[in-house]
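Notes for the structure review
Okay, here's what each chain looks like letter by letter:
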Amino acid sequence: MSRSDVVVTGLGATTPLGGDVASTWDAMLAGRSGVGPLTQEWAAQLPVRIAAQLAVDPSEVLDRVKMRRLDRSEAIAIIAARQAWADAGLAGSGLDGERLAVSVGSGIGGATTLLAQDDILEASGPRRVSPHTIPMLMPNGPAAWVGLELGAKAGVHTVASACATGAEAIALGLDIIRSGRADVVVAGGTEAVIHALPIAGFASMRAMSTRNDEPERASRPWDTGRDGFVLGEGAGVLVLERAEHAAARGARVYARLAGAGITSDAYDIVQPHAEGEGAIRAIKKAIADADIAREDIVHVNAHATSTPVGDMLEIGALRAALGDHPVLTATKSMTGHLLGAAGALESIATILSIRDGVVPPTINLDEPDAGLDMDVAAHKARHLEIPAALNNAFGFGGHNVALVFTRP
Amino acid sequence: MTRDEITAGLAEILEEVAGVNPDDVAEGKSFTDDLDVDSLSMVEVVVAAEEKFGVKIPDNEVQNLKTVGDAVSYIEAQS
């Protein structure tokens, strides 16, 4: 039996740039930054006082009682999944739940719930700790809630590979459909940890930008002035579908998810491999899995987080694996780094780039790093025919994921 | 505190915790069958009621509180 083709039939997102995919995409193409100051009282003492917060708070979308039972990462996963589901034309379609799976992960999980409930425990004692605490903080919570909302009975899966999570969750969705375990997989990532402790932790690693006075200029991948990533929050969800299944119901197809490559560095718990060896292998595997030539990849939505070391290592890996022909962009320059949702949101951007023939800009690339010897769509969106494109995502722990999307 | 006042207080809690319409709260209503209060939300209702009415409702009593009226009677007897 030939391997199933897998296509993308629905997209959903809530991001620092907009409450849905359309508004997020418009903002990306316009080169708008979603980064702003953190004005909350708890931020005053932090070395980092900027972040890319959601454009639309989930409490504006979900009712108050539901929000009481959801970690923020769960709430936005549900919102993005509902959008993707409706976008795919599956709402009210009567799809057999036993042919529907979910693969939604988070990099950090329900940390803000854990911290808030710990405050209650300390201040008021154990009886005041919410009975919703565990389902709110468990890492599988977002996937389980999405499965519950949509009636998924073919398995609900939670990938956790730090900042590669969203992309790896999509790769798992591809495997699930190829292996015949489901016809439709709702796949993506979610993250909502804009809180003093995660920020202090990342800041202690010296991983974050401290450009507090210029929030919109702080996320600047590949620029000589980059000084770390900017934390973002949001969720991105894709509806993946067996191509024959999508065709049979006359679904609109955005793109093919043609291939995925997953590797691990076995090198260091947080530092990427010094020669990008694992990243190179992931990209090569994704291209081989997609059964295309490296020359076919004309655009890459890079992982590029605006860190001094990682950004240029990725350039080296891309050059080694693909050559220097693709047009790159780093949409984190606008969205900040959504950690476990990054690979999902950037997959959505990659897919829309293919659909619309346009690469969103990398903003703030004012003085490119001397080692940046590839073509980047700096400052302005670039119109380009894109038959095939790549999305990279790398995570602490040495996770490398590359996804290839092609025109349907 | 009268039974009506206790019922009204419970209705406030049920609205806050579980989104129950206060107009639906009456002594004859079952928490689970009529008002759709699930087991985790019931825990929240109990803790909030203890605070509001200054009573103790041990876990082994909670299972006997099937209806709003059961809870009103328990709280009335304790306070």
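Residues numbered from 1 in each chain as written. Chains lettered and ligands numbered in written order. Predicted model: local features only at pLDDT ≥ 70, side-chain atom pairs only at ≥ 80, totals over all residues. Heavy atoms only, no water.

For chain B, the name recorded in an unreviewed UniProt entry is Acyl carrier protein, with Micromonospora deserti as its organism. What the UniProt record of chain B gives under Subcellular location (unreviewed entry) is the line "Cytoplasm". What UniProt records for chain B under Sequence similarities (unreviewed entry) is the sentence "Belongs to the acyl carrier protein (ACP) family." (UniProt positions renumbered as here; feature names shortened; annotations may be inferred.)

The name given to chain A in an unreviewed UniProt entry is 3-oxoacyl-[acyl-carrier-protein] synthase 2, with Micromonospora haikouensis as the source organism. Here is the UniProt Pathway (unreviewed entry) comment for chain A, exactly as written: "Lipid metabolism; fatty acid biosynthesis." Here chain A is described in UniProt, under the heading Sequence similarities (unreviewed entry), as follows: "Belongs to the thiolase-like superfamily. Beta-ketoacyl-ACP synthases family."

Description of the UniProt feature "domain: Carrier" (unreviewed entry) in chain B
The residues that UniProt annotates with the feature "domain: Carrier" (unreviewed entry) are residues 4-79 of chain B. Along residues 4-79 of chain B the backbone is 59% helical and 0% strand, and the end-to-end C-alpha distance reaches 14 Å. (Helix = DSSP H or I, 4+ residues; strand = E, 2+ residues; numbered from the N terminus.)

A closer look at the interface of chain A and chain B
Contacts between chain A and chain B engage 10 residues on the former and 16 residues on the latter. Taken together, the two surfaces of chain A and chain B that pack against each other cover about 1,100 Å², and 38% of this comes from carbon and sulfur. Where chain A touches chain B, the interface holds 7 salt bridges. Here Asp59(B) and Arg127(A) are joined by a salt bridge, their closest N and O atoms 3.9 Å apart. For the interface between chain A and chain B, the tally reads 10 residue pairs in polar contact (both at pLDDT 80 or more). (Contact = heavy atoms within 4.5 Å. Buried area = accessible area lost by both parts, 1.4 Å probe. Salt bridge = Lys/Arg side-chain N within 4 Å of Asp/Glu carboxyl O. Polar contact = N/O pair within 3.5 Å; in protein donor to acceptor, adjacent residues only side chain to side chain.)

Points about the confidence of the model for chain B
Across chain B, the average pLDDT comes to 95, with 100% of residues at or above 70. Reported confidences for the modelled complex are a pTM of 0.96 and an ipTM of 0.89. (pLDDT = per-residue confidence, 0-100.)

Quick word on the packing of aromatic side chains
Residues and elements named next belong to chain A. Within this structure, the stated rule accounts for 2 aromatic pairs over all chains. With 5.1 Å between their ring centres and 85° between their planes, Phe202 and Phe229 make a pair best called edge-to-face. Placement of the pair is Phe202 in helix H8 (residues 196-204) and Phe229 in the loop between H8 and strand E7 (234-242), with a sequence separation of 27 residues. Centre to centre, the rings of Phe202 and Phe396 are 6.4 Å apart; their planes meet at 40°, and the pair counts as tilted. One end of the pair, Phe202, is in helix H8; the other, Phe396, is in the loop between strand E14 (388-395) and strand E15 (399-406), and 194 residues separate them in sequence. Site record: aromatic cluster; members linked through ring pairs are Phe202, Phe229 and Phe396. (Phe/Tyr/Trp six-rings, centres within 6.5 Å; stacked < 30°, edge-to-face > 60°.)

As for the sheet that holds strand E8 (residues 255-264) of chain A
Two pairing modes exist for strands in a sheet, parallel and antiparallel, and in both the strands are linked by backbone hydrogen bonds. Residue and element names in this part refer to chain A. Read across the open sheet, the 11 strands follow the order E5-E4-E6-E7-E1-E8-E15-E14-E9-E10-E12; overall the sheet is mixed. With partners counted over all chains shown, the strands left at the sheet margins are strand E5 (156-157) and strand E12 (375-376), one partner each. Across 8 bridges, E14 lies against E15 in antiparallel orientation. The residue of E15 that forms the bridge with Ala393 is Val401. Strands E8, E14 and E15 of the sheet are contacted by helix H10 (residues 277-290), whose axis makes an angle of about 145° with E8. (Pairing = 2+ DSSP bridges. Axes fitted to C-alpha atoms, helices over the stretch in contact; angles between N-to-C directions.)

A look at the layout of surface pockets
Its boundaries defined by the atoms lining it, the largest pocket holds a volume of some 650 Å³. Around the largest pocket sit 37 residues that line it, and Val270(A), Pro272(A), Thr307(A), Gly310(A) and Phe396(A) are the ones nearest its centre. Broken down by secondary-structure element, the contributors of at least two residues to the lining of the largest pocket are H10, helix H11 (310-322), E14 and E15 of chain A. The volume enclosed by the second largest pocket comes to roughly 340 Å³. What lines the second largest pocket is a set of 17 residues, and nearest its centre among them are Arg68(A), Arg128(A), Glu44(B), Val47(B) and Ala48(B). Of all the secondary structure elements, the ones that give two or more residues to the lining of the second largest pocket are helix H4 (111-124) of chain A together with helix H1 (3-18) and helix H2 (39-53) of chain B. It is H2(B) that contributes the most residues to the lining of the second largest pocket, 5 residues altogether. Of the residues that constitute the lining of the second largest pocket, the class distribution is 8 nonpolar, 2 polar and 7 charged. (1 Å grid on protein atoms, 1.4 Å probe; cavity = no way out; pocket = protein on both sides within 12 Å on 5 of 7 lines; lining within 4 Å. Points joined across faces, edges and corners; volume = space filled by probe spheres on them. Nonpolar A, V, L, I, M, F, W, Y, C, P; charged D, E, K, R; others polar.)

A word on the nonpolar core
Residues and elements named next belong to chain A. One finds Leu11, Leu238, Leu240 and Leu403 to be the most contacted residues of the largest nonpolar core, which totals 48 residues. No other element matches helix H13 (residues 342-356), which puts 8 residues into this core. Residue assignment places this core across two domains, with domain 1 (6-247) and domain 2 (256-404) each supplying three or more. With residues up to four places along the chain from it excluded, the contact list for Leu240 reads Val6, Val7, Val8, Ile170, Gly173, Leu174, Ile177, Asp183, Val184, Val185, Ala187 and Leu257. (Core = buried A, V, L, I, M, F, W, Y, C linked by side-chain atoms within 4.5 Å. Buried < 20%, exposed > 50% of the residue type's maximum accessible area, 1.4 Å probe, protein only. Domains from an automatic or database assignment.)

What to know about the UniProt feature "domain: Ketosynthase family 3 (KS3)" (unreviewed entry) in chain A
Using the residue numbers shown here, the UniProt feature "domain: Ketosynthase family 3 (KS3)" (unreviewed entry) corresponds to residues 3-407 of chain A. From the first C-alpha to the last, residues 3-407 of chain A spans 18 Å; its make-up is 33% helix and 19% strand.

Side note on the side chain of Asn392(A)
Residue and element names in this part refer to chain A. Along the chain, Asn392 turns up in strand E14. Relative accessible area serves as the criterion here: at 0%, Asn392 is assigned to the buried category. At 3.0 Å, the side chain of Asn392 forms a polar contact with the side chain of Glu314.

Concerning the UniProt feature "active site" (unreviewed entry) in chain A
All names here are of chain A. Mapped onto this structure's residue numbering, the UniProt feature "active site" (unreviewed entry) falls at Cys163. As for its placement among the helices and strands, Cys163 is situated in the loop between E5 and helix H7 (165-178). Each residue touching Cys163, except ones within four places of it in the same chain, is listed here: His303, His337, Leu339, Gly340, Ala393, Phe394 and Gly395.

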